[in-house]
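Chains, contacts and geometry: an overview
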Amino acid sequence: MKSNYYGTFNYILFGESHSEEIGIIIEGLKEGLSFDFNEIEEQLKLRQGGMIFNTPRQEKTDFEITTGYEFGKTTGEALCIVFKNNDIVKKDYDHLLVQPRPGHADYVGSIKYKDNQLGSGGSHFSGRMSTPLVAAGAIMQQVIKKDYPNLDILTHINSFQGIKDYNYYQLRKQTIVDLFDYFDIEHCIQLDPSLQKELATMIRPRLYNKLSSPSDILINEYLENDIIEKACSLKDNRDSAGGELETIIMNLPTGIGDPFFDSLESKLSSFIFSIPSIKGISFGSDSLKNEIGSNVKDEFLYLDKKQAYTLYNFNGGINGGISNGDDIVFKTSIKPIASINQIQYTYNYEADSIKPLEIGGRHDATIINRIIPIIDAVSYIVLAEFLYKR
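Throughout this description, residue numbers start from 1 for each chain and increase along the sequence as written. The predicted nature of this model means local features are confined to residues of pLDDT at least 70 and side-chain atom pairs, given and counted, to a pLDDT of 80 or more, with totals for whole chains, interfaces and linings taken over all residues. Each side-chain value is worked out from all heavy atoms of the structure, with water and hydrogens disregarded.

**Overview of the overall build of the chain**
Applicable threshold: Comment: elements are numbered from the N terminus, with helices defined as DSSP H or I runs of at least four residues and strands as E runs of at least two. This radius of gyration counts C-alpha atoms alone. The globule rule is 2.2 Å times how many residues there are, raised to the power 0.38. Only protein chains enter the accessibility calculation, which uses a 1.4 Å probe; a residue is then buried when its area is under 20% of its type maximum, exposed when over 50%, and partly exposed in between. Note on definitions: a residue-residue contact is assigned when non-hydrogen atoms from the two residues lie within 4.5 Å.
Secondary structure summary: the chain contains nine helices and 17 strands in total. In terms of overall dimensions, the chain is globule-like: its C-alpha atoms have a radius of gyration of 23 Å, near the 21 Å expected for 390 residues. Structurally, the chain occupies a C-alpha span of about 75 × 50 × 35 Å along its principal axes. In the chain, which comprises 390 residues, the share counted as buried stands at 52%. Here the contacts in the chain between residues at least 6 apart in sequence split such that 74% fall between residues at least 24 apart.

Right, dumping it as structure tokens:
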């Protein structure tokens, strides 16, 4: 599977869920780059989940770079990263060759590839294939950080089964209230220009302090036990759930993206939809679709050559497909895992009728926590293309 974006960097994913190995080839890395493999390993462990409600299948995160990296540096040739699959139980999937799983790609895969695709574990449609993506994203993160050390990405659970974390716009509004506690916020645009500039440039540093959290999955870490309890209840009931994530890209330079076909939104959306279980993405504040225009104005408090300073950043840091220097904000919708350990009634090829199906195997009650590092990874992959565009 090769990315269809032929730019500065190209990516080739190879392997299947239950093949001997999987991996990714990265083309376009210049020579002489060195990487911290501990940081890559850390991101891979986050992708495993490790929560009691996650799958008991524990593939090792060990990887090998087989080409493009010698003596601690890139050679300028294609970089190939390989992961060995070691926790394989193919027999769990034998019966699915004649009865495609509801909500999975078994059926469409059999049509597109004329019954030649492997049935084990979802084959190349499997979430297992996101492992090499995380490794590639961690590498591109390090490439970016060498030139843009302040660029950061934070993804957290925004909502899960009625449990709602703080979101970016709540925190931004609270930051503004804290700063303007003795002003009429809605009329701050009429303040003395020098005061506007001072206050505008204070919003984001204080906001970033609110966003910092010891939790890997939440801004409000105290909600973690509630999420674990809810997810464990789903697991006990042999059920699953999706949810919504929020991603904030901080300190991205102004001017990233091109209108229409190469807009920042379209490229991020394209790669994020390559992640299994992603069903939706939206940029900016939810108020954009719920409010009238006069309530979602992004009036400029201050402008310079590097970024725009608005009050609320309703548009999520993007105008005309191009970054304006404020925070990029988007939400992604995650569907429930389709593999649940309940009887489902679905079509069986051999019987030529609807039959009960028990999927079996080892599955997550939710993967919402495991998708977090994947979204971060593909975001870095997209940003690297824009930042180093030829």
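**Quick word on unusual backbone geometry**
Located in the positive-phi region is glutamine 161, a residue other than glycine, with phi close to 50 degrees. When you line up the elements, glutamine 161 lands in the loop between β7 (152–160) and β8 (163–164). The class of glutamine 161 is partly exposed, set by a relative accessible area of 43%. Backbone geometry places asparagine 251, a non-glycine residue, at a positive phi of 65 degrees. Among the structural elements, asparagine 251 can be located in the loop between β9 (243–250) and α7 (264–272). With relative accessibility at 32%, the residue asparagine 251 sits in the partly exposed group.

**Observations concerning the sheet that holds β8**
Convention followed: Strands qualify as paired when DSSP identifies two bridges or more between them. All axes here are fitted lines through C-alpha atoms, helices being fitted over the stretch that makes contact, and every angle between N-to-C directions spans 0 to 180 degrees.
With antiparallel pairing, five strands are arranged side by side in an open sheet as β8-β7-β9-β15-β10. A strand with exactly one partner marks an edge of an open sheet, and here the two such strands are β8 and β10 (278–283). Of the pairings in the sheet, the one linking β7 to β9 comprises seven bridges and is antiparallel in character. Its bridge partner being in β9, threonine 155 is matched across the sheet by threonine 247. Packing against the sheet, helix α6 (residues 224–236) makes contact with β7 and β8, and its axis sits at approximately 55 degrees to β7.

**As for the pattern of salt bridges**
We count it as follows: When a carboxyl oxygen of Asp or Glu lies within 4 Å of a side-chain nitrogen of Lys or Arg, that pair is called a salt bridge.
With the rule as written, the count across this model stands at 14 salt bridges. Lysine 289 is the partner of aspartate 286 in a salt bridge, and the nearest nitrogen-oxygen pair spans 3.3 Å. Of the charged contacts, one joins lysine 331 and aspartate 286 as a salt bridge, the two residues approaching to 3.9 Å between their closest N and O atoms. Note that lysine 331 is positioned in strand β15 (residues 328–334) and aspartate 286 in the loop between β10 and α8 (287–290), a separation of 45 residues in sequence. Looking at lysine 331, the relative accessible area reads 3%, which means it is buried. The partly exposed category is assigned to aspartate 286, whose relative accessible area is 31%. In this structure, a network of salt bridges that share partners links the residues Arg172, Arg204, Asp326 and Asp327.

**Considerations on the layout of surface pockets**
Sizing a probe to match a water molecule and rolling it over the atoms shows the empty space that remains. As a reminder, the rule being used: Think of a 1 Å grid over just the protein atoms. A cavity is a set of points where a 1.4 Å probe fits yet cannot get out, a pocket is an open set with protein on both sides within 12 Å along at least five of seven lines, and lining residues have an atom within 4 Å of a point. Grid points are joined across faces, edges and corners, and a volume is the space filled by probe spheres set on the points. Residue type decides the class: Asp, Glu, Lys and Arg count as charged, Ala, Val, Leu, Ile, Met, Phe, Trp, Tyr, Cys and Pro as nonpolar, and the leftover types, Gly among them, as polar.
Here the second largest pocket defines a volume of roughly 750 Å³. Gln43, Leu46, Ile153, Asp216 and Asp376 are the residues nearest the centre of the second largest pocket, which is lined by 34 residues in total. For the lining of the second largest pocket, the per-class residue count stands at 16 nonpolar, 12 polar and six charged.

**Remarks on the packing of helix α4 (residues 168–179) against helix α5 (residues 193–211)**
What counts, and what does not: Each angle gets one of four labels, with under 35 degrees taken as roughly parallel, over 145 as roughly antiparallel, 65 to 115 as roughly perpendicular, and the rest as oblique. Handedness of a crossing is defined here by the sense of rotation of the near helix relative to the far one, left-handed for an anticlockwise turn of less than a right angle and right-handed for a clockwise turn.
It is at 9 Å that the axes of α4 and α5 come closest, and there the two elements cross at 125 degrees. Between α4 and α5, the angle falls in the class oblique. Between α4 and α5 lies a crossing whose hand is right-handed. Contacts between α4 and α5 involve Tyr168, Leu171, Arg172, Gln174, Thr175, Ile176, Asp178 and Leu179 from the first element and Leu199, Met202, Ile203, Arg204, Arg206, Leu207, Lys210 and Leu211 from the second. Residues of the contact of α4 with α5, tallied by class, amount to nine nonpolar, two polar and five charged.

**With respect to the environment of leucine 245**
Topologically, leucine 245 is positioned in strand β9. For leucine 245, a relative accessible area of 0% corresponds to the buried category. The spacing of leucine 245 and isoleucine 343 is 98 residues in sequence and 29 Å in space, taken between C-alpha atoms. Leucine 245 has contacts with Thr155, His156, Ile157, Asn158, Phe330, Lys331, Thr332, Ile334, Ile368, Ile371, Ile372 and Ile375, leaving out every residue within four places of it along the chain.

**Notes on the sheet that holds strand β1 (residues 10–14)**
Spatially, the four strands line up as an open sheet ordered β1-β2-β6-β3, and their pairing is antiparallel. Single-partner strands in this sheet number two, and they are β1 and β3 (64–67). Neighbour-to-neighbour, the strand axes of this sheet turn through a mean angle of 20 degrees, independent of strand direction. Two strands pair when backbone bridges link them, and β3 and strand β6 (residues 79–84) are joined in this way by three bridges, in the antiparallel orientation. Paired with threonine 67 across the two strands is cysteine 80, which belongs to β6. Where helix α3 (residues 130–147) meets the sheet, it contacts β1, β2 (21–27) and β6, and its direction lies at approximately 30 degrees from that of β2.

**Structural notes on the side chain of asparagine 54**
Note the threshold: Under this definition, polar contacts are N or O atom pairs within 3.5 Å; protein pairs additionally need one hydrogen-donor-capable and one acceptor-capable atom, and for neighbouring residues in sequence, both atoms have to be side-chain atoms.
Its location among the elements puts asparagine 54 in the loop between α1 (37–48) and β3. Polar side-chain contacts of asparagine 54 include one of 3.0 Å to the side chain of asparagine 369. Once you skip the residues sitting within four places of it in the chain, asparagine 54 turns out to touch Gln48, Gly49, Lys235, His363, Asp364, Thr366, Asn369 and Arg370.

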